[in-house]
Amino acid sequence: MAHIVLDKVTKSYAGGVTAVDAVDLEIRDGELMVLLGPSGCGKSTTLRMIAGLETISSGDLYIDGERVNEKDPRDRDLAIVFQNYALYPHMNVARNLGFGLKLRRVPPAEIERRVQETARMLGIEALLKRRPAQLSGGQRQRVALGRALVRQPRGFLLDEPLSNLDAQLRTTMRLELIKLHRQLGATIIHVTHDQLEAMTMGERICIMDGGKVVQVGPPADVYRNPASLFVAGFLASPPMNLLPAAVVGSDGGGLAVRVGATTLPLPEEYLQAYAGCRDRSVVLGVRPEDLHEAAPALPQITVAANAVEMVGPEVILVGTPEGLETEASARLSRAFRAEPGDRISLGVDMRQIHLFDPATGLAVPRPDLGFEPHRR
Amino acid sequence: MSALFAPTLAARDRRFGYAMAAPAIVVLAAIILAPVALALATSLFDYTLMNMTFDRFIGFDNFVAALSSSEFANSMVVTTLFVIAVVALEFVIGFIVALMLTTVKRGKNIYYLILLIPLLINPVVVGLIWRMLLHPTLGIVNWLLGGIGVPDIDWLGHPGTAFWTVVLVDIWHQVSFMAVLLTAGLSALPTEPYEAARAEGAGTLQTFWYITLPLMKPVIAVTLLIRLIFAIKTYDLIYIMTRGGPGDATDLISYYIYRSAFARLNLGEAAAMAILLMVIVIVLTLALFRTMRARG
């Protein structure tokens, strides 16, 4: 089992490019941590530094309390699964699985036993004699996973292992990985650019952007309280609506958010937290599911419908709020109907909104009232 | 409709293809097939430069004579040793150079240029240059060796040294061929298995043995076979440097055939030996094709 700590880990290249910038991160023993971010954010480089495939320019990496910066990959005892699987094309599946053990001079009988056991666990016993070229993408993926499992390493590093699979297979493998994690209780670091994968798999998510860690936390926390505009715009699909707005005073000493032609009163619980934003421009963040049709009890905003997308369990309304040019989306019930051009009044669940400082891109901290969605 | 027209269209395409290829086929037939046929015919007649007529058919007598001649046997042994020595040494040196070249980051083109220079030189010129350099009394090699106290060596005049001298000169000339082909093979290898092997804890030697060598097998097979076929035909180097001597120490088969035809004037027997050599080369070529197909 492995407890992995990154202390200001940095990777910079000769040309002055810094791919990973002073990353601090702790992965607890037995935890499934997801590194999430757009391509080029440094998540894969971070993983490769942990694996020992890239040198660490500065900072320290500890595994189980021991500094391992200069240690060979083989001595770190972590298994990595690559995006393209990186199977040995000239070896059959059984030899692919057993190669790491052979390098470690495990007796052949023991290799045979563990290969069989792993193959059974992954349902690939029938493929042991085949070469990688004779396997489908999903089968290769299993073999790559098996190659990591068979070694019984301290931890697993998964570098976008699902991104080459088709959508259906990805969902299946996602569930299998979660099951496997529960079964083995092993430390897993999973790198992905797919926010849905991160949300469903991760016990904690570490969101990276531009080589830096932007936010770390359990998926629900990160979703409910995005630390920055980047996180707010990256998670979920459609992502949080981010609208230019300003905080103004309202009658009776309260505060309100003026967004376009609409003024929305802020809940009392947030007055103290948002007092500093008074008379300043902010970015208002509202999740599409916090906009409700036919909710007269909530403050209303009027949008002009641009598109209505029927996605099955719900309807996504894309519209432009009055007085704005930015579009916003709302997840509405599947019974909702509208034509492009219709003006629709939506209720805003103000307890779930966030305000961001447009200059720093950071969320203005506010108390968390818990997740009590407005009931229809 | 298109299915209806497809056969005719394909047939027309084929006819057009043959028409375009016809001139080349005619020329090749004239300059390759005809001489081969003539050689085949010659090998079955008592045909000498003293009596250049096809008037005495002797069946396989020329082949029997060749195969029972001790000189032919000797040249076969010398050729076999030469081919094995040259191909094996060039392969080992070439592979080491190729492996080193793949790790070079800057100035790769300069190394390629240096490597290619010997390959660009005509074998006759290579022979002449080295004959000069290795001249027992006037050559620069003995002069340099003399500087460190090594007594003069008769590189080409002594049966024991002449063979290895020719081998070394051939290596100097041809090793780049191996190096360049193997470098191309190495650079075409996928990088992922290497990363995986490193992550699994393979050291340099283990990576070479378990990853590089098996992945390179097809390239190695093709490279070895091409070089083998060319090495068997080595002629110019021998003609310029040793004329098969001293004695018969460097009497490679190609040179021996030449001597049979133009020194002993026995064209019939020379043709028979040339046919035997051709059969060997064809067998090797078929092996080459098979390897290349297996790779594809």
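Because the structure is a prediction, the values reported are computed rather than measured.

Undergrad: Before we move on, could you go through the overall build of chain A and cite the residues and values that matter?
TA: For chain A, the helix and strand inventory stands at 10 helices and 20 strands. Its C-alpha atoms put chain A at 80 × 45 × 35 Å along the principal axes. A burial count over chain A gives 52% of its 376 residues as buried. Restricting to contacts in chain A with at least 6 residues of sequence separation, those with at least 24 account for 66%. Approximately 16,500 Å² of chain A is accessible, and the part contributed by carbon and sulfur atoms is 50%.

Undergrad: Any chance you could break down the pattern of salt bridges for me, citing the residues and the numbers?
TA: Residue and element names in this part refer to chain A. The final tally for this structure, using the stated rule, is 30 salt bridges over all chains. As a salt-bridge pair, D72 and R74 come within 3.8 Å of each other at their nearest N and O atoms. Accessibility expressed as a relative area gives 40% for D72, which makes it partly exposed. R113 is paired through a salt bridge with E110; the nearest N and O atoms lie 3.2 Å apart.

Undergrad: Lay out the interface of chain B and chain A in plain terms, naming residues and giving numbers.
TA: Contacts between the two partners involve 16 residues from chain B and, on the opposite side, 23 residues from chain A. Overall, the association of chain B and chain A removes approximately 1,800 Å² of surface from exposure, summing both partners, and the carbon and sulfur fraction of that is 58%. Interface area lost by chain B to chain A is led by B:A199, B:E200 and B:Y210, which between them contribute 37%. A:R48 is paired through a salt bridge with B:E195; the nearest N and O atoms lie 2.6 Å apart. The interface formed by chain B and chain A includes nine residue pairs in polar contact (both at pLDDT 80 or more). Broken down by secondary-structure element, the contributors of at least two residues to the side of chain B that touches chain A are α8 (192-199) and α9 (204-232) of chain B. With seven residues, α8(B) is the single largest residue contributor to the side of chain B that touches chain A. For the side of chain B that touches chain A, a count of residues per class yields nine nonpolar, three polar and four charged.

Undergrad: Explain the side chain of A:N92 to me, and be specific about the residues and the numbers.
TA: Residue and element names in this part refer to chain A. Mapped onto the elements of the fold, N92 is located in the loop between β6 (78-81) and α3 (93-103). Given the relative accessible area of 17%, N92 is considered buried. N92 has contacts with L128, K129, R130 and R131, leaving out every residue within four places of it along the chain.

Undergrad: Mind laying out a nonpolar patch on the surface, listing which residues take part and the relevant values?
TA: Residues B:M278, B:I282, B:L286, B:F289 and B:M292 make up a contiguous nonpolar surface patch of about 460 Å² in total accessible area. Within the secondary structure, B:L286 is located in helix α12 (residues 267-295).

Undergrad: Explain the nonpolar core to me, and be specific about the residues and the numbers.
TA: A:I4, A:L6 and B:L182 are the most contacted members of the largest nonpolar core, which has 72 residues in total. Considering each element in turn, this core owes the most residues, 10 residues, to α9(B). Not counting chain neighbours up to four residues away, the residues in contact with B:L182 comprise B:F91, B:G94, B:F95, B:A98, B:M216, B:V219, B:I220 and B:T223. Formed by 43 residues, the second largest nonpolar core is a distinct cluster that contains A:V106, A:L145, A:M173 and A:I178.

Undergrad: Help me get a handle on the confidence of the model for chain B, residues and values and all.
TA: The predicted model of chain B averages 86 in pLDDT, with 97% of residues at 70 or higher. Taken element by element, the predicted model of chain B shows its lowest mean pLDDT in helix α2 (residues 61-68) of chain B (84) and its highest in helix α3 (residues 70-103) of chain B (91).

Undergrad: Describe the pairing of strand β7 (residues 155-159) of chain A, and please don't skip the residues or the numbers.
TA: Residues and elements named next belong to chain A. With five of five residues buried, β7 lies mostly within the body of the structure. Across the two faces of β7 the burial is the same, with G155, L157 and D159 and F156 and L158 all buried. Across four bridges, β6 lies against β7 in parallel orientation. The partner of V81 across the bridge, within β7, is L158. Across five bridges, the pairing between β7 and strand β8 (residues 187-192) is parallel.

Undergrad: Just give me the short version of the packing of helix α5 (residues 123-133) of chain B against helix α7 (residues 159-187) of chain B, but keep the residues and values in it.
TA: Residue and element names in this part refer to chain B. It is at 11 Å that the axes of α5 and α7 come closest, and there the two elements cross at 130 degrees. By the angle class used here, α5 and α7 are oblique. In this structure, α5 crosses over α7, and the sense of that crossing is right-handed. Across from P123, V126 and W130 in α5, the residues of α7 making contact are V169, W172 and H173.

Scoring rules and cut-offs
- Residues numbered from 1 in each chain as written.
- Chains lettered and ligands numbered in written order.
- Predicted model: local features only at pLDDT ≥ 70, side-chain atom pairs only at ≥ 80, totals over all residues.
- Heavy atoms only, no water.
- Helix = DSSP H or I, 4+ residues; strand = E, 2+ residues; numbered from the N terminus.
- Buried < 20%, exposed > 50% of the residue type's maximum accessible area, 1.4 Å probe, protein only.
- Contact = heavy atoms within 4.5 Å.
- Areas by Shrake-Rupley, 256 points an atom, 1.4 Å probe, with all protein chains shown as cover.
- Salt bridge = Lys/Arg side-chain N within 4 Å of Asp/Glu carboxyl O.
- Buried area = accessible area lost by both parts, 1.4 Å probe.
- Polar contact = N/O pair within 3.5 Å; in protein donor to acceptor, adjacent residues only side chain to side chain.
- Nonpolar A, V, L, I, M, F, W, Y, C, P; charged D, E, K, R; others polar.
- Patch = residues over 30% accessible without salt bridge, like charges linked within 9 Å, V, L, I, M, F, W, Y side chains within 5 Å.
- Core = buried A, V, L, I, M, F, W, Y, C linked by side-chain atoms within 4.5 Å.
- pLDDT = per-residue confidence, 0-100.
- Pairing = 2+ DSSP bridges.
- Axes fitted to C-alpha atoms, helices over the stretch in contact; angles between N-to-C directions.
- Parallel < 35°, antiparallel > 145°, perpendicular 65-115°, else oblique.
- Left-handed = near helix turned anticlockwise from the far one by under 90°.

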